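Coordinate inspection notes
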Amino acid sequence: MELKTDYKDAMYDGQRRYRLIPNEDGTYSLPDETTYTQKGDKFGANDINVTNKAINQINHVTEVTLTAAGWSSSVPYTQTVNVSGLTETDRPTVSLYLPDGITVVDLDLQNKAYDCVNRAVSGNGNITVYCYKKKPAVDFQIQMKGV
């Protein structure tokens, strides 16, 4: 989704002008009578909600597990995992996820497994990970920022 990036401020010469019109109930209406040299864009609740949703998505991180048994049997080795909310137009940043308390031995195994990953492609509700040379030998997790 592309966010609007061409908002314009209202521009006018001098001061803004309003017409004071009495209403039947004793109140007044103030229609804007300013002569504008450029009409401005409105920025409302829908605009800020879309903007905030996009910012929240950029900052959100999702972890998924890739299992050693889940890889396809031929090159390129692929594994597709479900990722709620992911769309095929999303381009999340993918990296190795290391849990708290990981041992040095497990760290080496996780790094070797992740080093096999060459590519990740977003789908609607899933991500497909590709390994072109070697199939990972252990389960490991990836994290995706921007999902």
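Pairing of side chains with opposite charge becomes possible as their charged atoms draw close. According to the stated counting rule, one finds 3 salt bridges in the structure shown. Residues Arg16 and Asp32 are paired through a salt bridge, measuring 2.8 Å at the closest nitrogen-oxygen approach. Taken together, the residues Arg16 in the loop between β1 (11–12) and β2 (21–22) and Asp32 in the loop between β3 (28–29) and β4 (36–38) connect sequence positions 16 residues apart. For Arg16, a relative accessible area of 39% corresponds to the partly exposed category.

Now for the side chain of Gln79. With respect to the element layout, Gln79 can be found in strand β6 (residues 77–82). For Gln79, a relative accessible area of 5% translates into the label buried. Beyond its immediate sequence surroundings of up to four residues, Gln79 is in contact with Thr65, Leu66, Thr67, Gly70, Trp71, Ile127, Thr128 and Val129.

Let's shift gears to the pairing of strand β9 (residues 126–131). For β9, the tally of buried residues reaches 5 of 6 residues, placing the bulk of the element in the interior. Here β6 pairs with β9 via 6 bridges, running antiparallel. Looking at the pairing, Thr78 lines up with Tyr130 of β9. Across 5 bridges, the pairing between strand β8 (residues 119–123) and β9 is antiparallel. Looking at β9, one finds that Val121 is bridged to Thr128.

Let's shift gears to the sheet that holds β8. An order of β6-β9-β8 is seen for the 3 strands of this open sheet, with the pairing classed as antiparallel. The open sheet has two edge strands with one neighbour each: β6 and β8. Strand-to-strand twist across the sheet, computed as the mean angle between neighbouring axes with direction ignored, equals 20°.

The next thing to look at is the nonpolar core. Ranked by internal contacts, the top residues of the largest apolar core, which has 18 residues, are Leu66, Trp71, Val83 and Phe140. Every element with two or more residues in this core is listed here: β5 (61–66), β6, β9 and β10 (140–145). Residues within four places of Val83 in sequence aside, it is in contact with Thr62, Val64, Gly125, Asn126, Ile127, Met144 and Val147.

Take a nonpolar patch on the surface next. A cluster of nonpolar side chains, namely Tyr18, Leu20, Tyr28 and Leu30, defines an oily patch on the protein surface of about 490 Å² accessible area. Inspection of the secondary structure assignment puts Leu30 in the loop between β3 and β4.

Within the open sheet, the 3 strands sit side by side as β5-β10-β7. Their pairing is antiparallel. Since the sheet does not close on itself, it has two edges, and those belong to β5 and β7 (93–97), each with one partner. This sheet shows a mean twist of 30° between the axes of neighbouring strands, independent of strand direction. Pairing between β5 and β10: 6 bridges, direction antiparallel.

So, on to unusual backbone geometry. Cis geometry is adopted by the peptide bond preceding Pro76, which originates at Val75 and carries an omega value of -5°. Looking at where Pro76 falls in the secondary structure, it is placed in the loop between β5 and β6.

Turning our eyes to something else, we now look at the packing of aromatic side chains. In this structure the tally under the stated criterion is 4 aromatic pairs. Look at Tyr12 and Tyr36: their rings are 5.8 Å apart centre to centre, the planes differ by 90°, and that puts the pair in the edge-to-face class. Of the two residues, Tyr12 is situated in strand β1 and Tyr36 in strand β4; the sequence distance between them amounts to 24 residues.

Conventions used here
Residues numbered from 1 in each chain as written. Predicted model: local features only at pLDDT ≥ 70, side-chain atom pairs only at ≥ 80, totals over all residues. Heavy atoms only, no water. Salt bridge = Lys/Arg side-chain N within 4 Å of Asp/Glu carboxyl O. Helix = DSSP H or I, 4+ residues; strand = E, 2+ residues; numbered from the N terminus. Buried < 20%, exposed > 50% of the residue type's maximum accessible area, 1.4 Å probe, protein only. Contact = heavy atoms within 4.5 Å. Pairing = 2+ DSSP bridges. Axes fitted to C-alpha atoms, helices over the stretch in contact; angles between N-to-C directions. Core = buried A, V, L, I, M, F, W, Y, C linked by side-chain atoms within 4.5 Å. Patch = residues over 30% accessible without salt bridge, like charges linked within 9 Å, V, L, I, M, F, W, Y side chains within 5 Å. Areas by Shrake-Rupley, 256 points an atom, 1.4 Å probe, with all protein chains shown as cover. Phe/Tyr/Trp six-rings, centres within 6.5 Å; stacked < 30°, edge-to-face > 60°.

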